[in-house]
Amino acid sequence: MSAGHTTEMKKALEIRIKGIVQGVGFRPFVYQTARRHRICGSVLNDTEGVIVRAEGEDRDLAEFLRDMSANPPPLAMVMSVDSVEAPAVGCADFVIEKSLMTAERFAFYSPDTAVCEPCRKEFFNPSDRRHLYPFITCINCGPRFSIVHDIPYDRINTSMAAFEQCDRCRAEYADPSDRRFHSQPNACPVCGPRISLYTARKELIETDSDEAARMTVSLLKQEKIIAIKGIGGYHLAADAKSDAALRELRMRKRRPFKPFALMAGSLESAERFLEISPVERDLLLSRERPIVLLKERRELVSRQAAPDLSYLGLMLPYTPFQHHLFSIDPDMVLVMTSGNVSDEPIEYRDETVFDRLGRIADYFVTYNREIIGQGDDSVLFVVDERSFFIRRSRGYVPAPFLSTESLATILAVGGDLKNSFAVARKSFIIMSQYLGDMADPLTYEVFRRTVDHFMRIFDARPEVIVSDMHPGYLTRLHAEEMASSGRRRIEVQHHHAHIAAVMEEHGITEPVIGIAYDGTGYGTDGTLWGSEFLIARRGSFERAAHFSNFPLPGGESAIRDVWKIGISLLHQRYGRDFPVMRRDAETAGVIEIIEKNINSSLACSIGRIFDGVAAILGISRTVSTEAEAAQQLEEAAMRGKAPDWPFIIPFADNETIVIGTDDLTAYIVSLVEKGIPAEDIAAAFHQAIIHTSTAVAVRLREKTGINVAALSGGVFHNRILLAGLMDRLRKAGFTVYTHTAVPCNDGCIALGQIVIAKDKFGK
Ligand code: ZN
Ligand code: ZN
Ligand code: FE
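Engineer: Would you mind going over the coordination of the iron ion (ligand 3) with me for this structure?
Structural biologist: For a metal with four tetrahedral donors the ideal donor-metal-donor angle is 109.5 degrees, while six octahedral donors give ideal angles of 90 or 180 degrees. Distances from the iron ion (ligand 3) to its protein donors, His 494 (NE2), His 498 (NE2), Asp 518 (OD), Asp 518 (OD) and Asp 746 (OD), fall within 2.0 to 2.8 Å. What makes Asp 746 buried here is its relative accessible area of 7%.

Engineer: Which parts of the structure should I look at to understand the coordination of the zinc ion (ligand 2)?
Structural biologist: Every protein donor of the zinc ion (ligand 2) is accounted for by Cys 166 (SG), Cys 169 (SG), Cys 188 (SG) and Cys 191 (SG), and the metal-donor separations fall at 2.2 to 2.3 Å. Around the zinc ion (ligand 2), the four donor atoms sit at angles spanning 104 to 118 degrees, and that spread fits a shape best called tetrahedral. Given the relative accessible area of 0%, Cys 169 is considered buried.

Engineer: Help me understand the sheet that holds strand S21 (residues 464–468) in this model?
Structural biologist: Across a sheet, paired strands are connected by hydrogen bonds in the backbone, their directions being either parallel or antiparallel. Here we have four strands laid out as an open sheet, ordered S20-S19-S21-S22, and mixed in their pairing. Of all the strands in the sheet, the pair left with one neighbour each is strand S20 (422–431) and strand S22 (488–492). Neighbour-to-neighbour, the strand axes of the sheet open up by a mean angle of 60 degrees, direction not taken into account. Two elements, strand S19 (residues 401–412) and S20, share six bridges in a ladder whose sense is antiparallel.

Engineer: Even after reading the chapter, I still don't get the packing of helix H14 (residues 562–574) against helix H18 (residues 661–673), so can you show me in this structure?
Structural biologist: Pairs of packed helices are described in terms of their axes, by the angle between the two and the distance that separates them. Look at H14 against H18: their axes get within 9 Å of each other, and the N-to-C directions meet at 100 degrees. Between H14 and H18, the angle falls in the class roughly perpendicular. Seen from H14, the contacting residues are Leu 569, Leu 570, Gln 572, Arg 573 and Tyr 574; seen from H18, they are Thr 661, Asp 662, Thr 665, Ala 666 and Val 669. Considered class by class, the residues forming the contact of H14 with H18 number five nonpolar, three polar and two charged.

Engineer: Whenever I open this one, the nonpolar core confuses me. Can you help?
Structural biologist: Most often, soluble globular proteins have nonpolar side chains that are buried together. Phe 26, Val 30, Val 52, Phe 64 and Leu 411 are the most contacted members of the largest nonpolar core, which has 87 residues in total. With seven residues, the top contributor of residues to this core is helix H11 (residues 441–457). Residues within four places of Phe 64 in sequence aside, it is in contact with Ile 15, Val 30, Thr 33, Ala 34, His 37, Ile 39, Val 52 and Ala 54. One finds Phe 547, Phe 550, Ile 657 and Val 696 within the second-largest nonpolar core, a separate group that totals 72 residues.

Engineer: I tried to follow the state of the cysteines on my own but got confused; where do I start?
Structural biologist: Two cysteines form a disulfide when their sulfur atoms are joined by a covalent bond. Going through the model one piece at a time under the given rule, you end up with one disulfide. Between Cys 40 and Cys 91 runs a disulfide, and the two sulfur atoms are separated by 2.4 Å. Linking Cys 40 and Cys 91, the disulfide has an S-S dihedral of approximately 75 degrees and is accordingly described as right-handed. Residue Cys 40 is located in strand S2 (residues 40–46), and its partner Cys 91 is located in the loop between strand S4 (77–86) and strand S5 (94–96); the two are separated by 51 residues in the primary sequence. Overall, Cys 40 belongs to the buried group, its relative accessible area being 5%.

Engineer: Honestly, the side chain of Thr 137 in this entry has me stumped. Any pointers?
Structural biologist: Turning to its location among the elements, Thr 137 is positioned in the loop between helix H3 (117–123) and helix H4 (167–174). At a separation of 2.8 Å, a polar atom in the side chain of Thr 137 contacts the main-chain carbonyl oxygen of Cys 141.

Engineer: Help me understand the domain arrangement of the chain in this model?
Structural biologist: Many analyses report the size of an interface as the accessible area lost when the parts associate. Per the domain assignment, the segments of the chain are domain 1 (3–96), domain 2 (109–381), domain 3 (390–507 + 752–762) and domain 4 (512–747). Taking only C-alpha atoms, the centre of domain 3 and the centre of domain 4 are 28 Å apart. At the interface, 30 residues of domain 3 touch 39 residues of domain 4. Together domain 3 and domain 4 conceal approximately 2900 Å² of surface at their shared face, both sides included; 63% is due to carbon and sulfur atoms. Here Glu 504 ties to Arg 538 by a salt bridge, and the two come within 3.0 Å at their closest N and O atoms. Counting every contact that joins domain 3 to domain 4 gives 18 residue pairs in polar contact (both at pLDDT 80 or more). Going through the elements one at a time, strand S18 (386–391), helix H13 (494–505) and helix H21 (749–762) are the ones with two or more residues in the side of domain 3 that touches domain 4. Ranked by the residues each element gives to the side of domain 3 that touches domain 4, the list is headed by H13, at ten residues.

Engineer: Looking at this model, I keep getting lost on unusual backbone geometry. Mind explaining?
Structural biologist: Keep in mind that most residues, glycine aside, have a negative phi and that most peptide bonds are trans. A cis amide bond links Val 397 to the next residue, Pro 398, at an omega of 10 degrees. You can see Pro 398 is positioned in the loop between S18 and S19. You will see that Glu 223, though not glycine, has its phi angle at about 65 degrees, which is positive. Of note, Glu 223 is situated in the loop between helix H5 (209–221) and strand S9 (226–229). Residue Glu 223 is classed as partly exposed on the basis of its relative accessible area of 40%. In this model, Asp 308 sits at a positive phi of 65 degrees, which is unusual for a non-glycine residue. Within the secondary structure layout, Asp 308 lies in the loop between strand S13 (291–296) and strand S14 (311–315). Look at Asp 308 and you get exposed, because its relative accessible area is 60%.

Cut-offs used in this document
- Residues numbered from 1 in each chain as written.
- Chains lettered and ligands numbered in written order.
- Predicted model: local features only at pLDDT ≥ 70, side-chain atom pairs only at ≥ 80, totals over all residues.
- Heavy atoms only, no water.
- Donors = N, O, S within 2.8 Å, 3.2 Å for Na, K, Ca; no water.
- Buried < 20%, exposed > 50% of the residue type's maximum accessible area, 1.4 Å probe, protein only.
- Tetrahedral: all angles 85-135°; square planar, octahedral: opposite > 155°, others 65-115°.
- Pairing = 2+ DSSP bridges.
- Helix = DSSP H or I, 4+ residues; strand = E, 2+ residues; numbered from the N terminus.
- Axes fitted to C-alpha atoms, helices over the stretch in contact; angles between N-to-C directions.
- Parallel < 35°, antiparallel > 145°, perpendicular 65-115°, else oblique.
- Contact = heavy atoms within 4.5 Å.
- Nonpolar A, V, L, I, M, F, W, Y, C, P; charged D, E, K, R; others polar.
- Core = buried A, V, L, I, M, F, W, Y, C linked by side-chain atoms within 4.5 Å.
- Disulfide = S-S within 2.5 Å.
- Polar contact = N/O pair within 3.5 Å; in protein donor to acceptor, adjacent residues only side chain to side chain.
- Domains from an automatic or database assignment.
- Buried area = accessible area lost by both parts, 1.4 Å probe.
- Salt bridge = Lys/Arg side-chain N within 4 Å of Asp/Glu carboxyl O.

Here it is, written out as structure tokens:
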């Protein structure tokens, strides 16, 4: 053997990298890193991720490996790096090879992200060839999830396949030193997608994107409503400072109360009317660009944006076209709400959009590239400098969660409300985007289509299918249909799934005291649960405490008439001669329904107790969305003053603790009869729930020795309750966990279902 750099001295490795490593500039990054460390060999994408064949000196190889994991490109998410020794073949150079198709088709690609700073600068640079070109993008930014229909992530498998690159684009695409090397959506004004502005009757007005942007801004100023095709679907845009435009939008969209999301041109512009903490600022400026709920500081936008609420949802521009609009008028604030009618899914298909949104929008800004993976904007809020999801969608999906290895591939269909489903494969869990409520037939159709889409892009052939146990859930029906030959199927209890999701997020394997404060979920005894204290493990649970049952007149579907729940609570405690609420022919009808037990399921849902109390206090009567009354009650409580001594609701300390809903009703009534203002009673009510919950948790700790509390359920969107209960529990010595990576509402159900199924089948 001779000394020096001979092939005999070299070692070779085959390195397999998994995670989000496709479409994020990973191969050129490997190429440059290899060159730097005198490594020869190759890199290529396959359907599992990236494979590197590296040959070099021992020390160079070690440094190469270290650098690859230490500084990956911005959109990459390296989840595992495995290397095995291979025979050295004596290569001379490092090359990027063509993608390989292998039997195993499993790779991730990045979520859609906001346009990056270098691209944004080029966009506004008059001498750049992409000046004001709305589809400017590079390997570090732009659409991904929304344009992919198959793996591997190559242009041919995206909706960019329809556009053939011009020579200049092709040269960038082929140049490993270029920011657009292998950037699949690479395009320019010569070869790429184009924007068009249409009237609602589909008459073409403008195809020049600068002109289209200018006309859009001027139409918005004239209080017109414009449908604008974004990344995951259409937005409906309107001038947020115009009462008339927003009133019109509410009427046309059939959405009387639910707040509209806003978009401001910059952080400075948003700070004119909103309080923004450092954590909130980082979220707003993150490449995921979610909607963040922010406290209103000063009245600048119309009251119609979020009637009676002190928090407004706002995001900053993330597409080049949005930046373009705000460059024309930096002070403008827009409503940018999902383009849909009422509770239907977000509109994203050009074939149907004029039909479906034609009665809402006056004009349409659209473009000729298909959206494949649709999705709404994500929504978060911040409490005590920590962020919480309300909706996990654009910008976050389909980034996987790393989990314990699962032997079986599992599909969890989630729940019927705020649906998001999940797939578990090997050591990954992938959650779908937010899909909405299955009561809407179009949403159910989108759910089924999106399940198929995920099965394809993650090549998942589920062996186990999990659903909720609710007999009326369409998601459960779909699971039943899918669970044909050879597939195992399980059903899990709703609140167990809630708590299991928290356990997964924090890697908890020991039993916890789970507190699921929720709307309604089907219980193992056939009643509607929703104020559950569970002693929960990953695979099983016992129901340890809950509020006492009360009838829900009209059942789960009647939640819009919250006054009926108020009547029910009062009637349950006082009988027919109940105080406070008015008695008339209408209430007599409700009492009859309750007394004759017609369509009045028993429930203990704390979400419904919030509704009923809001009704008793005269704060809400009928609502248009599920959480509306609870939000109004919380708003009232924020204005009110709680008593110095909180009321602890008596609870019956049997094998299962039952908290006295009737005692709570009597407490509220006593405060009303003392003439205490509704706002102060609302505050007292929140404190009663917080202190009683803590007392019950302490009692359960005495019984079980468990000192870990896990909080989940949609009712924890209530800031007073979330912050207050976490604080009280911590002061009582508990370790407290709640959601950070998925919403606490039913958007977390599928994750919990996966955990429970894995405990049964996947280990
Ligand atoms: Zn870019
Ligand atoms: Zn081009
Ligand atoms: Fe729930």
